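Read off the chains here:
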Amino acid sequence: MSGDPKNQAPALLRRLLRAKDRMDAASHEDWPIRRLARVSGVSEAHFARAFKQAFGLPPHRYLLTRRIERATALLRDTDLPITEIAFQTGWESLGTFGRTFRDITGESPGEFRERVKIGTHELGRVPACVVSAVHRPDLTISVSEKRRRIADGINGPEEKELP
Amino acid sequence: MNQGIEVVGLYVRDQEEALSFYVEKLGFRVHTDVRNGDYRWLTVQHPEQPSFQLGLFKPGPPVLDAATAQAVNAIVAKGAMPPLVLVVNDCRAAFDQMLARGVEFTQEPVDRFGTVDAGFRDPSGNGWKMIGVRKARSH
């Protein structure tokens, strides 16, 4: 069984987890592969593949889910302006944030905020980290793919680069 | 108290490493450390919680076959085990102390909903949330 290439060594997984933890702790920061690979002590050439194998999605898509998760929490729990939330969660422009947010959640940041502010939440007894993880978007396909699938049904494909 | 939960176990990759982490870095005490051949029943205890033991168990024979043990070790190393919560009087003070002892923090103390919480992992990958005791706030 240890000869199976799908079986990653626990010691490697523990180091990959460190890269995931670092993204969790500072999802607003830039996380180029070079930086993540260094955290894990893995070569740049192998990092993305190893990460995906361990956690089921590529490192940058994981980062995107964390940013959206944080943004949804800030939209829900604070009265910060959306521009400020975009900035705080690591986007360089409001436009990119709004578009990515809509692509992932299906609604704009403003619509999301309006909807959740109406409902009351009863999660006060659950640790905040667990609550936020529960609200993490489940991004099983890439945002560009998700966008393409929608666009194919309506217009031509969009070709904007993602953060 | 006579009835209740007495032991909850964690899977750790190395019991010696886990022992030094929970005792030297977190300040727990050894409750039971008994060996039978390769098997080692090891539990630690929070100094202020004498009725509860945290087991530090290494997955492997005779309880688990080698392949299952490897899978369990992988799950722990991926941080996929359920959350653990440690309550402390002062989260920021505990953070400073534990950081100085070399604890791997995953989240610095953050003020949320009236309490301060932080996150750390044990060497195996088990994730802990550390929460400061809720303070009465004058609103």
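Not measured: the values here are computed from a predicted model.

**Student:** Sorry, what's going on with the overall build of chain B here?
**Tutor:** On a plain count of helices and strands, chain B comes out with three helices and eight strands. In chain B, the order of α-helices and β-strands from amino to carboxyl end is β-α-β-β-β-α-β-α-β-β-β. Counting only C-alpha atoms and orienting by the principal axes, one finds that chain B spans roughly 55 × 35 × 25 Å. Looking at chain B residue by residue over its 139 residues, the buried ones come to 29%. Intrachain contacts of chain B at a sequence separation of at least 6 include 48% that bridge at least 24 residues.

**Student:** Looking at this structure, I do not really get the overall build of chain A. What am I missing?
**Tutor:** Helix and strand counts for chain A come out as nine helices and zero strands. Sequence-ordered secondary structure for chain A, helices as α and strands as β, is α-α-α-α-α-α-α-α-α. Per-residue burial over chain A gives 29% buried out of 163 residues. Within chain A, counting contacts between residues at least 6 apart in sequence, those at least 24 apart form 59% of the total.

**Student:** Teacher, can you tell me more about the domain arrangement of chain A here?
**Tutor:** Residue and element names in this part refer to chain A. With domains assigned, chain A is organised as domain 1 (10-55) and domain 2 (61-154). In this structure, domain 1 and domain 2 have C-alpha centres spaced 23 Å apart. Contacts between the two partners involve eight residues from domain 1, matched on the other side by eight residues from domain 2. At three residues, helix α1 (residues 10-25) tops the list of elements feeding residues into the side of domain 1 that touches domain 2.

**Student:** It is not clear to me how the nonpolar core should be interpreted in this structure. Could you clarify?
**Tutor:** What tends to happen in soluble globular proteins is that the nonpolar side chains get buried as a cluster. Ranked by internal contacts, the top residues of the largest apolar core, which has 40 residues, are Leu 16, Phe 47, Ala 50 and Phe 51 of chain A together with Tyr 22 and Leu 56 of chain B. Residue contributions to this core peak at six residues, all from helix α4 (residues 59-77) of chain A. Shared between two domains, this core holds at least three residues of each, these being domain 1 (10-55) and domain 2 (61-154) of chain A. Once residues within four sequence positions are removed from consideration, Phe 51 of chain A is found in contact with Leu 16, Ala 19, Pro 58 and Pro 59 of chain A.

**Student:** So what exactly am I meant to see when it comes to the sheet that holds strand β5 (residues 84-88) of chain B here?
**Tutor:** One key point about sheets: their strands pair by backbone hydrogen bonds, in either a parallel or an antiparallel sense. All names here are of chain B. Reading across from one edge, β5-β8-β7-β6 is the order of the four strands in this open sheet, with mixed pairing throughout. Looking along the sheet, the strands with just one partner apiece sit at the ends: β5 and β6 (104-112). In this sheet, adjacent strand axes meet at a mean angle of 20° when their direction is disregarded. By the bridge criterion, five bridges tie β5 to strand β8 (residues 127-132) in an arrangement that is parallel. The residue of β8 that forms the bridge with Leu 84 is Trp 128.

**Student:** Please explain helix α3 (residues 91-100) of chain B as it appears in this structure.
**Tutor:** Since there are 3.6 residues in each turn of an α-helix, residues three or four apart along the chain are aligned in direction. Residue and element names in this part refer to chain B. Of all the residues in α3, the buried ones are Cys 91, Ala 94, Phe 95 and Met 98. Each buried residue of α3 sits inside an arc of 105° when the element is viewed along its axis, so together they form one side. Turned more than 90 degrees away from the buried face of α3, the exposed residues are Asp 96 and Ala 100. Each element contacted by the buried residues of α3 is listed here: α1 (15-25), β5, β6, β7 (115-121) and β8. Downstream of α3 by one or two residues, Gly 102 has phi in the positive range, about 95°.

**Student:** Just to check I follow, could you spell out the packing of α1 of chain A against helix α2 (residues 33-40) of chain A for this structure?
**Tutor:** When two helices pack together, their arrangement is given by the angle between the helix axes and the distance between those axes. Residues and elements named next belong to chain A. α2 packs onto α1 with a crossing angle of 130° between their chain directions and a minimal axis gap of 7 Å. If you check the angle between α1 and α2, you find them oblique. For the crossing formed where α1 meets α2, the hand is right-handed. Where α1 abuts α2, its residues Arg 15, Leu 16, Arg 18, Ala 19 and Arg 22 lie against Leu 36, Val 39 and Ser 40. Looking at the contact of α1 with α2 residue by residue, the classes come out as four nonpolar, one polar and three charged.

**Student:** Sorry if this is basic, but what is going on with the interface of chain A and chain B here?
**Tutor:** As a measure of interface size, the accessible area lost when the parts come together is often cited. With 17 residues of chain A at the interface, the matching set in chain B holds 19 residues. The greatest single-element share of the side of chain A that touches chain B, amounting to seven residues, is contributed by α1 of chain A.

**Student:** Is there a simple way to explain the sheet that holds strand β3 (residues 39-45) of chain B in this structure?
**Tutor:** Residue and element names in this part refer to chain B. The strand order across the open sheet built from four strands is β1-β4-β3-β2, with neighbouring strands paired in mixed fashion. The sheet is open, and its two borders are formed by β1 (7-11) and β2 (29-36), each paired with just one other strand. Averaged over all pairs of adjacent strands, the angle between their axes in this sheet comes to 25°, without regard to strand direction. Examined bridge by bridge, β2 and β3 share seven bridges and lie antiparallel to one another. In the sheet register, Asp 33 faces β3, and the bridge partner there is Leu 42.

Rules used in this analysis
Residues numbered from 1 in each chain as written. Chains lettered and ligands numbered in written order. Predicted model: local features only at pLDDT ≥ 70, side-chain atom pairs only at ≥ 80, totals over all residues. Helix = DSSP H or I, 4+ residues; strand = E, 2+ residues; numbered from the N terminus. Buried ≥ 20, exposed ≤ 12 C-beta atoms within 10 Å, placed from the backbone. Contact = placed C-beta atoms within 7 Å. Domains from an automatic or database assignment. Core = buried A, V, L, I, M, F, W, Y, C linked by C-beta atoms within 7 Å. Pairing = 2+ DSSP bridges. Axes fitted to C-alpha atoms, helices over the stretch in contact; angles between N-to-C directions. Arc of directions from axis to C-beta. Parallel < 35°, antiparallel > 145°, perpendicular 65-115°, else oblique. Left-handed = near helix turned anticlockwise from the far one by under 90°. Nonpolar A, V, L, I, M, F, W, Y, C, P; charged D, E, K, R; others polar.

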